[in-house]
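Listed here are the chains, written in short residue letters.
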Amino acid sequence: AQKVTQAQTEISVVEKEDVTLDCVYETRDTTYYLFWYKQPPSGELVFLIRRNSFDEQNEISGRYSWNFQKSTSSFNFTITASQVVDSAVYFCALSEGVGADSWGKLQFGAGTQVVVTP
Amino acid sequence: NAGVTQTPKFQVLKTGQSMTLQCAQDMNHNSMYWYRQDPGMGLRLIYYSASEGTTDKGEVPNGYNVSRLNKREFSLRLESAAPSQTSVYFCASTPGTSPLHFGNGTRLTVT
């Protein structure tokens with residue numbers, strides 16, 4: 001069963017609009033980790049963020065922000081004032097591993113394609 | 001440049017043929033992983049190796065074998081390729097305290 005659901009297949013926005021990507025996860029573990037990765041058209045995978053299950057503080061990094069809500073099992077990602085360079089596929093992922101596995105054994109969502117047009 | 005190197009970049013196989021995907025990292029990482037990426041399904045873990053000499057199954061191991069040849073190299077073998085194995089394969093590594101470093105991927109087509 002899919003443990004990470006990204007219901008939005010594709011989102012199209014015009015440059016400078018904000019875009020929010022939804023991620024809903026499922027786990028019975030009390031300790032787990034959530035990730036976001038970016039895959040631009042060139043195909044490489046770029047790490048954006050990792051949060052552990054005990055840290056529900058929202059995080060902001062430049063134009064990127066993340067909202068983690070355990071009550072709704074969601075870890076949403078917002079790009080503020082989008083730019084053409086933000087066009088990519090964005091993956092949410094869950095790790096229920098411990099130690100090194102917490103970084104490497106990931107369960108990915110299906111991804112959301114973001115298209116930003118000038 | 002330091003990183004994860006995958007070869008080949010592209011491969012076309014006929015059903016039933018075998019091949020080995022090569023992966024090498026020069027960052028002295030202990031843990032290495034093989035993922036496959038299919039449209040609409042994200043990435044799925046095939047096999048991983050927590051350290052030299054150990055390998056474990058991931059979510060979708062059927063039809064694959066792996067070898068952790070040494071600390072640097074982790075290969076993925078398809079003994080008898082099937083069309084369902086058409087995919088993009090990513091190798092990745094981590095020291096266990098920081099994010100995965102991914103290779104650039106191998107695009108495999110099985111006809």
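Since we're looking at a predicted model, the values are computed, not measured.

Rules used in this analysis
- Residues numbered from 1 in each chain as written.
- Chains lettered and ligands numbered in written order.
- Predicted model: local features only at pLDDT ≥ 70, side-chain atom pairs only at ≥ 80, totals over all residues.
- Heavy atoms only, no water.
- Contact = heavy atoms within 4.5 Å.
- Buried area = accessible area lost by both parts, 1.4 Å probe.
- Salt bridge = Lys/Arg side-chain N within 4 Å of Asp/Glu carboxyl O.
- Polar contact = N/O pair within 3.5 Å; in protein donor to acceptor, adjacent residues only side chain to side chain.
- Helix = DSSP H or I, 4+ residues; strand = E, 2+ residues; numbered from the N terminus.
- Pairing = 2+ DSSP bridges.
- Axes fitted to C-alpha atoms, helices over the stretch in contact; angles between N-to-C directions.
- Phe/Tyr/Trp six-rings, centres within 6.5 Å; stacked < 30°, edge-to-face > 60°.
- Buried < 20%, exposed > 50% of the residue type's maximum accessible area, 1.4 Å probe, protein only.

(A) Expanded view of the interface of chain B and chain A. In this complex, chain B contributes 19 residues to the contact, which on the side of chain A involves 17 residues. In this assembly, chain B packs against chain A so that about 1,500 Å² is buried in total across both faces, 61% of it on carbon and sulfur atoms. The largest per-residue losses of area from chain B upon contact with chain A belong to L43(B), P99(B) and F102(B), which jointly make up 29% of the total buried on that side. Counting across the chain B and chain A interface gives 0 salt bridges. Our enumeration of links across chain B and chain A arrives at 4 residue pairs in polar contact (both at pLDDT 80 or more). Elements represented by at least two residues in the side of chain B that touches chain A include exactly β4 (31-38), β5 (42-49) and β9 (87-94) of chain B.

(B) Broad picture of the sheet that holds strand β3 (residues 19-25) of chain B. Residues and elements named next belong to chain B. Overall, antiparallel pairing links the 4 strands, which are arranged β1-β3-β8-β7 in an open sheet. Edge positions in the sheet fall to β1 (4-7) and β7 (64-68), since each has one partner strand and no second. The average undirected angle you get between the axes of adjacent strands in this sheet is 15°.

(C) Focus on the packing of aromatic side chains. Summed over the entire model, instances satisfying the criterion amount to 21 aromatic pairs over all chains. Centroid distance W36(A) to F77(A): 5.3 Å. Interplanar angle 50°. Geometry classified as tilted. In this pair, W36(A) sits in strand β5 (residues 33-39) while F77(A) sits in strand β9 (residues 74-79), placing the two residues 41 residues apart along the sequence. For W36(A), a relative accessible area of 0% corresponds to the buried category. Judged by its relative accessible area of 0%, F77(A) falls in the buried class. Counting every residue linked through ring pairs, the aromatic cluster contains F35(A), Y37(A), F47(A), F91(A), W103(A), F108(A), Y35(B), F90(B) and F102(B).

(D) Molecular detail of the pattern of salt bridges. All names here are of chain A. Within the structure shown, the criterion is met by 7 salt bridges over all chains. Residue R51 is joined to D55 by a salt bridge in which the shortest nitrogen-to-oxygen separation is 2.6 Å. For R51, a relative accessible area of 4% corresponds to the buried category. On the basis of relative accessibility, which here comes to 26%, the residue D55 falls in the partly exposed class. A network of salt bridges, in which partner residues are shared, links R51, D55 and E59.

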